[in-house]
Amino acid sequence: SVSAPRGLGMVKLRLGYLAAREQNWKSALTLYGEAQTMLEQAGDTLLAHSARAGWLWTHILSGQPYSNLAKPVRDFAERLKQQETVAVGLSYGLAFAHAGREALSQRGDVEIAITAARCSEIVFEVLENPLLQAQTFGDRADTFTLIEAHESADEARSQALRLLQSAAENGIEDACTIGFS
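Structural notes, computed from the coordinates. (Residues numbered from 1 in each chain as written. Predicted model: local features only at pLDDT ≥ 70, side-chain atom pairs only at ≥ 80, totals over all residues. Heavy atoms only, no water.)

This part takes up the overall build of the protein chain. Per the secondary structure count, the protein chain includes eight helices and zero strands. When its helices and strands are written in sequence order, the protein chain yields α-α-α-α-α-α-α-α. Compactness check: the protein chain gives a C-alpha radius of gyration of 17 Å against a globular reference of 16 Å for 181 residues, within 12% of the reference. Taking the principal axes of its C-alpha atoms as reference, the protein chain extends roughly 50 × 40 × 25 Å. The buried share of the protein chain, reckoned over its 181 residues, is 44%. Across the protein chain, 16 positive and 22 negative side-chain charges occur, with their mean positions spaced 8 Å apart. (Helix = DSSP H or I, 4+ residues; strand = E, 2+ residues; numbered from the N terminus. Rg over C-alpha atoms; globule rule 2.2 N^0.38 Å. Buried < 20%, exposed > 50% of the residue type's maximum accessible area, 1.4 Å probe, protein only. Lys, Arg positive; Asp, Glu negative; His and termini not counted. Charge placed at Lys NZ, Arg CZ, Asp CG, Glu CD.)

Below is the structure:
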């Protein structure tokens, strides 16, 4: 149903995105927070999740340290799992991963690339998708290789390999089936 809080929440959601794209981090965080509140009040859970994801995405892109983001990302992913919106959560995990790859390829920002990959890892871990989680370990390995941190790259590759081996041992052969059984 259409309501004024929902409409205003949608507008604030879009304005938050535009502010983040302009790197106006403070405004983006405020707008995403307001959008989430309005959308929750309007009963639009999926768009409220989008606002929360935007808030987290903005924190990642603004260079917040991983240590400040691990708990909010885990809480977000757990909420998505509890509400049985796994596909939505996987999409947000992929968006965080893409933000990291983009930060590295377009701006050479290693810290954001690593933080984004680690945040994605949390989402995929909570939503029980080891194949996508392994992919984010690969993203970290690529980043570490780029800066010649070969030991860290090897460790990330080893973690990815362990996840893939475990998935194979548990009969998980297709990424499409993860989280939907």
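Turning our eyes to something else, we now look at the pattern of salt bridges. Using the criterion set out here, one finds 11 salt bridges in the structure. In this structure, Arg 79 and Glu 40 form a salt bridge, with 3.3 Å as the shortest nitrogen-oxygen distance. Of this pair, Arg 79 sits in helix 4 (residues 66-82) while Glu 40 sits in helix 2 (residues 25-41), and the two are 39 residues apart along the sequence. Among the ionic pairs, Arg 157 bridges to Asp 154, the shortest N-O distance being 3.5 Å. Placement of the pair is Arg 157 and Asp 154 together in helix 8 (residues 150-169), with a separation of three residues, close to one helical turn. Judged by its relative accessible area of 37%, Arg 157 falls in the partly exposed class. (Salt bridge = Lys/Arg side-chain N within 4 Å of Asp/Glu carboxyl O.)

If you walk through the whole model with that rule in mind, you get two aromatic pairs. Ring geometry for Tyr 17 versus Trp 57: centroids 5.8 Å apart, planes at 15 degrees, classification stacked. With a gap of 40 residues between them, Tyr 17 in helix 1 (residues 4-21) and Trp 57 in helix 3 (residues 45-61) connect regions that are remote in the sequence. Judged by relative accessible area, which is 33%, Tyr 17 ranks as partly exposed. Between Phe 76 and Tyr 92, the aromatic rings sit 5.7 Å apart at their centres with planes inclined by 40 degrees, giving tilted as the arrangement. A residue pair is termed long-range when its members are at least 10 positions apart, and Phe 76 in helix 4 and Tyr 92 in helix 5 (residues 86-107) qualify at 16 residues. Taken individually, Phe 76 and Tyr 92 each receive the classification buried, so the pair is uniform in this respect. Above the ring of Tyr 66, the side-chain terminus of Arg 118 is found at 3.7 Å from the ring centroid. (Phe/Tyr/Trp six-rings, centres within 6.5 Å; stacked < 30°, edge-to-face > 60°. Lys NZ or Arg CZ within 6 Å of the ring centre and 35° of its normal.)

Attention now moves to the nonpolar core. By size, the foremost hydrophobic cluster in this structure holds 38 residues, and its most contacted members are Trp 57, Ile 60, Val 73 and Val 123. Only helix 1, helix 2, helix 3, helix 4, helix 5 and helix 6 (110-126) provide two or more residues apiece to this core. Looking at this core, the element that brings in the most residues is helix 3, giving eight residues. When residues no more than four places from it in sequence are discounted, the contact partners of Trp 57 are Tyr 17, Ala 20, Arg 21, Tyr 32, Phe 96 and Ala 99. Counting residues in each nonpolar core, the second largest holds six residues, with Ala 113, Ile 114, Phe 144 and Ala 153 among its members. (Core = buried A, V, L, I, M, F, W, Y, C linked by side-chain atoms within 4.5 Å. Contact = heavy atoms within 4.5 Å.)

To continue, consider the packing of helix 3 against helix 5. Running from N to C, helix 3 and helix 5 cross one another at 25 degrees; their axes reach a closest spacing of 11 Å. Relative to helix 5, the element helix 3 is oriented roughly parallel. Viewed along their axes, helix 3 and helix 5 form a crossing whose handedness is right-handed. Where helix 3 abuts helix 5, its residues Leu 46, His 49, Ser 50, Ala 53, Leu 56, Trp 57, Ile 60 and Leu 61 lie against Val 88, Tyr 92, Phe 96, Ala 99 and Arg 107. Here the contact of helix 3 with helix 5 is built from residues that sort into 10 nonpolar, two polar and one charged. (Axes fitted to C-alpha atoms, helices over the stretch in contact; angles between N-to-C directions. Parallel < 35°, antiparallel > 145°, perpendicular 65-115°, else oblique. Left-handed = near helix turned anticlockwise from the far one by under 90°. Nonpolar A, V, L, I, M, F, W, Y, C, P; charged D, E, K, R; others polar.)

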